[in-house]
Amino acid sequence: MPEIIVTLSEVFTRTLSGFLDATVITLQLTAIGIVLGCLLGLFFALLKLSKSKPLQFIANVYITIIRGTPLIVQITFLYFGITEFITLTNFWAGAIALGVHNGAYIAEIFRGAIQGIDKGQSEASSSLGMTKAQSMKRIVFPQALKRSIPPLGNQFIIALKDSSLVYVIGVAELFSLANREAAQSFQPFETYLVVGLYYLVLVMIFSYLLKLYENKLDVDKD
Amino acid sequence: MIIAKNIHKSFGDLEVLKGIDLHVAPKEVVVLVGVSGSGKSTLLRCFNFLEMINHGEIAIDGKTINPKKDNLNKIRAEVGMVFQHFNLFPHKTVLENIIEAPMQVKKKGKQEAIKHGRQLLEKVGLAEKADVYPSKLSGGQKQRVAIARSLAMEPKVMLFDEPTSALDPELVSEVLAVMKQLAQEGMTMVVVTHEMRFAREVADRIIMLDQGRIIESNDPKTFFENPEHERTKQFIQLVE
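Colleague: I'd like to hear about the overall build of chain A, residue by residue, with values.
Modeller: A tally of helices and strands in chain A yields eight helices and zero strands. Starting at the N terminus, the α and β elements of chain A follow one another as α-α-α-α-α-α-α-α. Each principal axis of the C-alpha distribution contributes one length, and for chain A these read about 70 × 50 × 25 Å. Counting all 222 residues of chain A, 43% fall into the buried class. On chain A, roughly 11700 Å² of surface is accessible, and the fraction owed to carbon and sulfur atoms is 70%. Taken together, the 17 basic and 15 acidic charged side chains of chain A have centroids lying 16 Å from each other.

Laid out in structure tokens, this is it:
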């Protein structure tokens, strides 16, 4: 067997239990980042679509700042900024930073999807006496959400990979652990290759699940 | 039922309605005709405040509406509207489309809403389609569902905005038949349409709009046989 395969499998076995634990943390960070991101995204999408100029302005400021600065800066800024005022573990600081970051992109996804729904839908709701809120909640948003799923899925994959950046504040997720392993073992090549495979497999599982879900939606309706 | 006084409506610099006066009596069927751009659809949309008038006054069922103060949703609930492109809710089944507004707006119980919904589907001849999604229906069936959906709110007046214009020719008659039946049952209706046979047979009055003004308002017989205005004559020749 070529030597590289032997070393790789050796590194893989040695790191297995640590990396699996770290994978759980990575998935937790991603999950919180996505859920928080969706909530913030919906909130800011609605602000941006509101008729009030000040509300639109607030949404624009948020989206511009988040999209205009690197995530790694946002993570460190939030961690050191926020822990001046409240005690927060680095895990939660990282998770919140990921949520706030994803929120800006998801806001744009939701906004686009909501604007893409034919005006006739809200007109029909209005003509039946429904309020704007009822129309958004029951008629427009459910359709927009369905259309958001492909770009949201894409954003979820980005969120998963971006979670590696919280290594910078010392959260023990996959990439942090890989850094430590690489340094301690003097085997950076093998270690980063293995951790790369972890991310690849996670993303592939993610994509597969999304695909299943999209197909299910297509079968369900129209 | 609808009284419009001196309605003006502009989109930017373009004045679409230039002072419309119109009185629609209860149980009356009024057909609005005119070339495209004459303002007929806009006028119809002003009647349920999908478009806000710039000037003038609209009274529905004896009550003058102040768009800034009155609850427009409540008024719209009493004025049914059928659109050219149906605008059914694609993520809801036919029956769900129909019971949505009665349950959300009128706070009707689900069982009651379903019972009424099924009666309406029966009426428009689509009882067997209750549980399918709109995408599975033909254009004519979609429009009949849209009519049933409007009727579910038990409106006092029904507005039809070119209800058959988006349909294949062979599907037009099934929609017109439902509308004719409604007219016979005494529903107050304002209909924008190019279907001159329908206008002739069903309308109590035909109104011709031209460049944002009413230029002719007559019973169908006079309208077609003795039009007063030169533009009306041209229009009739054009469509017949």
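Colleague: Tell me about the sheet that holds strand β1 (residues 2-11) of chain B, and please be specific about residues and values.
Modeller: All names here are of chain B. An order of β2-β1-β4-β5 is seen for the four strands of this open sheet, with the pairing classed as antiparallel. Sheet topology places β2 (14-24) and β5 (63-64) at the edges, where each strand pairs with a single neighbour. Bridge count between β1 and β2: eight bridges; the pairing is antiparallel. Bridging from a neighbouring strand, Ala4 pairs with Leu22 of β2.

Colleague: Outline the packing of helix α1 (residues 3-49) of chain A against helix α2 (residues 53-68) of chain A, listing residues and values.
Modeller: Residue and element names in this part refer to chain A. Packing of α1 against α2 brings their axes to within 7 Å, and their N-to-C directions diverge by 135°. Here α2 runs oblique to α1, going by the angle between their axes. For α1 against α2, the interelement crossing comes out left-handed. Here Leu40, Phe44, Leu47 and Lys48 of α1 lie close against α2, whose contacting residues are Leu55, Gln56, Ile58, Ala59, Asn60, Tyr62 and Ile63.

Colleague: Account for the environment of A:Ala93, naming residues and giving values.
Modeller: Residue and element names in this part refer to chain A. The residue Ala93 is located in helix α4 (residues 90-116) in this model. Owing to a relative accessible area of 0%, Ala93 belongs among the buried residues under this scheme. Separated by 16 residues in the primary sequence, Ala93 and Phe77 place their C-alpha atoms 9.9 Å from one another.

Colleague: Would you mind going over the interface of chain A and chain B in detail, with residue names and values included?
Modeller: Each side of the interface is counted separately: chain A has 21 residues, and chain B has 26 residues. Regarding the contact of chain A and chain B, the summed buried area is about 1900 Å², with carbon and sulfur atoms giving 56% of it. Inspection of the chain A/chain B interface yields two salt bridges. Across the salt bridge formed by B:Arg45 and A:Glu123, the nearest N and O atoms sit 2.6 Å from each other. Between chain A and chain B we count seven residue pairs in polar contact (both at pLDDT 80 or more) in total. Elements that contribute at least two residues to the side of chain A that touches chain B include exactly α5 (119-127) and α6 (132-162) of chain A. Across the side of chain A that touches chain B, the residue classes break down as five nonpolar, nine polar and seven charged.

Colleague: Any chance you could break down the sheet that holds strand β10 (residues 213-218) of chain B for me, citing the residues and the numbers?
Modeller: Residues and elements named next belong to chain B. Overall, mixed pairing links the six strands, which are arranged β6-β7-β8-β3-β9-β10 in an open sheet. Across the chains shown, the open sheet's two edge strands, defined by having one partner strand only, are β6 (79-82) and β10. With direction set aside, neighbouring strand axes in the sheet form an average angle of 20°. Inspection of the sheet shows strand β7 (residues 157-161) paired to strand β8 (residues 188-192) by five bridges, in the parallel sense. Across the sheet, residue Asp161 finds its bridge partner in β8, namely Val192. The strands that helix α1 (residues 40-47) touches are β3 (29-33), β6, β7, β8 and β9 (205-210); relative to β7, the one it contacts most, it runs at about 150°. Lying on the sheet, helix α9 (residues 230-239) is in contact with β3, β9 and β10; it crosses β9 at an angle near 105°.

Colleague: Could you give an account of the pairing of β9(B), with specific residues and numbers?
Modeller: Residues and elements named next belong to chain B. Where burial is concerned, most of β9 is hidden: six out of the six residues are buried. Judged by which residues are buried, β9 turns out to be covered on both faces: Arg205, Ile207 and Leu209 on one side and Ile206, Met208 and Asp210 on the other are all buried. The pairing of β3 with β9 spans four bridges and is parallel. Residue pairing in the sheet places Leu32 in a bridge with Ile207 of β9.

Colleague: Break down the layout of surface pockets for me, with residues and values.
Modeller: Residue and element names in this part refer to chain A. As a volume, the largest pocket reaches approximately 800 Å³. If you go around the largest pocket, you meet 23 residues; those closest to its centre are Leu49, Lys51, Ser122, Lys132 and Met136. For the lining of the largest pocket, the elements supplying multiple residues, two or more each, are α1, α4, α5 and α6. A breakdown of the residues in the lining of the largest pocket according to their chemical character gives nine nonpolar, six polar and eight charged.

Conventions we followed
- Throughout this document, residue positions are counted from 1 along each chain, in the order its sequence is written.
- Throughout, the order in which chains and ligands are written sets their labels, letters from A for the former and numbers from 1 for the latter.
- Predicted model: local features are reported for residues with pLDDT of at least 70 only, side-chain atom pairs are reported and counted for 80 or more only, and whole-chain, interface and lining totals are derived from all residues.
- Values shown for side chains rest on all heavy atoms present in the structure; no hydrogens or waters enter the calculation.
- Helix and strand definitions here come from DSSP, where helices need a minimum of 4 consecutive H or I residues and strands a minimum of 2 consecutive E residues; each element is numbered from the N-terminal end.
- Note on exposure labels: buried denotes an accessible area under 20% of the residue type's maximum, exposed denotes more than 50%, and partly exposed covers the range between, all computed with a 1.4 Å probe on protein chains only.
- To be clear on the numbers: accessible area is Shrake-Rupley with a 1.4 Å probe, and residue cover counts the displayed protein chains and nothing else.
- All tallies of charge rest on Lys and Arg as positive and Asp and Glu as negative; His and the ends of each chain are not included.
- Charge positions come from single atoms, namely NZ of Lys, CZ of Arg, CG of Asp or CD of Glu.
- Any two strands with at least two DSSP bridges between them are considered paired.
- Structural elements are reduced to axes, namely lines fitted to C-alpha atoms, with helices fitted over the stretch in contact, and the angle between N-to-C directions of any two is expressed from 0 to 180 degrees.
- For classification purposes, an angle smaller than 35 degrees is called roughly parallel, one larger than 145 roughly antiparallel, one from 65 to 115 roughly perpendicular, and anything else oblique.
- Two helices cross in a left-handed way if the nearer one is turned anticlockwise from the farther one by less than a right angle. They cross in a right-handed way if the turn is clockwise.
- For this analysis, residues touch if any pair of their heavy atoms sits within 4.5 Å.
- Joining two parts hides part of their accessible area as seen by a 1.4 Å probe, and the buried area is that hidden amount summed over both.
- For this document, the term salt bridge refers to a Lys or Arg side-chain nitrogen within 4 Å of an Asp or Glu carboxyl oxygen.
- Two N or O atoms count as a polar contact when they lie within 3.5 Å, although within protein this holds only if one can serve as hydrogen donor and the other as acceptor, and sequence-adjacent residues are included solely when both atoms are side-chain atoms.
- We call Asp, Glu, Lys and Arg charged. Ala, Val, Leu, Ile, Met, Phe, Trp, Tyr, Cys and Pro are nonpolar, and the rest, Gly among them, are polar.
- Lining residues are defined by having an atom within 4 Å of a point belonging to a cavity or pocket. Those points lie on a 1 Å grid over the protein atoms alone, cavities being sets where a 1.4 Å probe fits but cannot get out and pockets being open sets with protein on both sides within 12 Å along at least five of seven lines.
- Grid points are joined across faces, edges and corners, and a volume is the space filled by probe spheres set on the points.

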